[in-house]
Amino acid sequence: MQEINCQVQTTIQAALSQYLPPKTEAETSSKHKRKIAELEAQLHEAEDVTTDIRSELIRSTVKTSAATKWTKVLEFLLWEGRML
């Protein structure tokens, strides 16, 4: 099935290429530059999201660590009978 799809796609491209003017190197280069700029923008956005997620993870870890510490202190005090 995939082989048939590939053959159909190749045939369509060959037929279209007869009617479409060939792209110049400048057009291809311009398209590549636009695509690279688009991908770089997506990369920067993904890096920003990663930074935000890491910051949130650190904040959550600190909160969890503090909560765990206070829970242990309270458990100790209750065990010792100091808090009634």
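First, a word on scope: everything that follows refers to the structure included in this document. If you're wondering where the values come from, they're calculated on a predicted model, not measured in any experiment.

**A word on the overall build of the protein chain**
The secondary structure content of the protein chain amounts to two helices and zero strands. The globule rule puts the C-alpha radius of gyration for 84 residues at 12 Å, and the 30 Å found for the protein chain is more than 25% above it. For the protein chain, the spread of C-alpha atoms along the principal axes amounts to about 90 × 35 × 10 Å. Counting across all 84 residues of the protein chain, residues that qualify as buried make up 0%. When the 11 basic and 12 acidic side-chain charges of the protein chain are each reduced to a single mean position, those positions are 5 Å apart.

**Structural notes on the pattern of salt bridges**
The final tally for this structure, using the stated rule, is two salt bridges. In this structure, the salt-bridge partner of E38 is K35, at a minimum N-O distance of 3.8 Å. Placement of both E38 and K35 in helix 2 (residues 25-80) is noted, with a separation of three residues, approximately one turn of the helix. Take K35: its relative accessible area is 43%, and that puts it in the partly exposed class. Note that R59 and E56 form a salt bridge whose closest N and O atoms lie 2.8 Å from each other. Remark: E56 and R59 occur in helix 2; sequence separation between them is three residues, near one turn of the helix. According to the relative accessible area criterion, R59 is partly exposed, its value standing at 43%. A residue is classified by how much of its surface remains accessible, and E56, at 39% relative accessible area, is partly exposed.

Here is what the cut-offs are and how they apply
Residues numbered from 1 in each chain as written. Predicted model: local features only at pLDDT ≥ 70, side-chain atom pairs only at ≥ 80, totals over all residues. Heavy atoms only, no water. Helix = DSSP H or I, 4+ residues; strand = E, 2+ residues; numbered from the N terminus. Rg over C-alpha atoms; globule rule 2.2 N^0.38 Å. Buried < 20%, exposed > 50% of the residue type's maximum accessible area, 1.4 Å probe, protein only. Lys, Arg positive; Asp, Glu negative; His and termini not counted. Charge placed at Lys NZ, Arg CZ, Asp CG, Glu CD. Salt bridge = Lys/Arg side-chain N within 4 Å of Asp/Glu carboxyl O.

From the geometry alone we can't say anything about function, so treat these as descriptive.
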